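In case you want the letters, here they are:
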Amino acid sequence: MSKSHNANRLTKKLVRQTPLKQATASRLAKQVHVYLGSSVVDSPDPRQRRLEAHIAHVLASGFKDRQLNGALLGVQGAEPESQSVRLTLESDMADEVLRELLPRFDHFYGGVRGVAGLRVQGNERQLDLHDAASSAHVAVTRADGGPIRLPSARDGEVLLWKRVPGGLSRDEWREAEEWKDSRGIKDLRVRDLLLSRILRLPGLVNRTAKPHGFANCYTHHAGDLVIEWCCGDTAEALCAVLLAHGFADDVPRAKTIELLSRHSAHFGDRTVILNRHGSCLYGRRAEDVVEFIKEGYKS
């Protein structure tokens, strides 16, 4: 199948499924080198999507610009398994991924950090992170096959996943309800769908972190996830690849994507926000930044 034919197919899909005009859809489609149709695989279980979305949200809030080896949120690979997903974690980040996810009460923070209700089973080389309130779960392994270390409590922390293994603490229950029924979020289904796809499509979203080994992630509230980067893919090129692989499939047409400028785009009515800086932020300092990040994981 020729490249022009593929571009025409994708253009028609974008015009049909998004509010993009024909000319814009065609411009984006031409930036996708190979289009084979949607490849996104979602869980059919809304509780599973909600857990995966919460995991992505917590990791974005926790890691910010501390990724290594181009693994956004610490995830190198994702393989769907029945209704769940198996995540391959960047080896140097794996222990910190677990620390960020497993819930603990932080007295200095004054509340619960991590994913409320998340519990851990399995052996050190393959851990199963499961929701104490449902059947939702995610398997995690290290990319190098090595063991993942369970976190210990730091000053002011109470490890809720260890203290309340069979259910949710009162504080966790409150946090879980807020995530499930977040006020001010217009469409929780869209939030859960798109944020779970961030977790399930690391080969695509990691393109932002590849040039320097890291990008920057953060959240404003329980309804969004922001990715910022400076080198590599343009915002349009990344949007084109995401759309080609079905990232915005099944999102209401008016909410799929909004291109704000050459450097910024919104998916799902500001659920996923992509911002690319117009020039490099690091230059020759990028290697020094990477070394600084590595030292942080050793401490």
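The sections below set out a description of the structure shown in this document.

What counts and what doesn't
- Residues numbered from 1 in each chain as written.
- Predicted model: local features only at pLDDT ≥ 70, side-chain atom pairs only at ≥ 80, totals over all residues.
- Heavy atoms only, no water.
- Helix = DSSP H or I, 4+ residues; strand = E, 2+ residues; numbered from the N terminus.
- Polar contact = N/O pair within 3.5 Å; in protein donor to acceptor, adjacent residues only side chain to side chain.
- Pairing = 2+ DSSP bridges.
- Axes fitted to C-alpha atoms, helices over the stretch in contact; angles between N-to-C directions.

As for the side chain of Asn 216
Next up, step 1: Residue placement: Asn 216 occurs in strand 9 (residues 216-218).
Next up, step 2: At 3.4 Å, the side chain of Asn 216 forms a polar contact with the backbone nitrogen of Asp 65.

Section: unusual backbone geometry
Next up, step 1: Positive phi, close to 65°, is recorded for Leu 73, a residue that is not glycine.
Next up, step 2: Relative to the helices and strands, Leu 73 is located in the loop between helix 3 (46-63) and strand 1 (75-81).
Next up, step 3: The residue Asp 269 is not glycine, and still its phi comes out positive at about 60°.
Next up, step 4: You can see Asp 269 is positioned in the loop between strand 12 (264-267) and strand 13 (272-276).

Structural notes on the sheet that holds strand 13
Next up, step 1: Ordered by their spatial adjacency, five strands build an open sheet running 9-10-13-12-11, and the pairing between neighbours is mixed. Both outer strands of the open sheet, strand 9 and strand 11 (257-261), are each paired with one neighbouring strand and no more. The sheet shows a mean angle of 15° between the axes of neighbouring strands, taken without regard to direction.
Next up, step 2: In the sheet, strand 12 pairs with strand 13 via four bridges, with the strands oriented antiparallel. The residue bridging His 266 from the neighbouring strand is Ile 273, located in strand 13.

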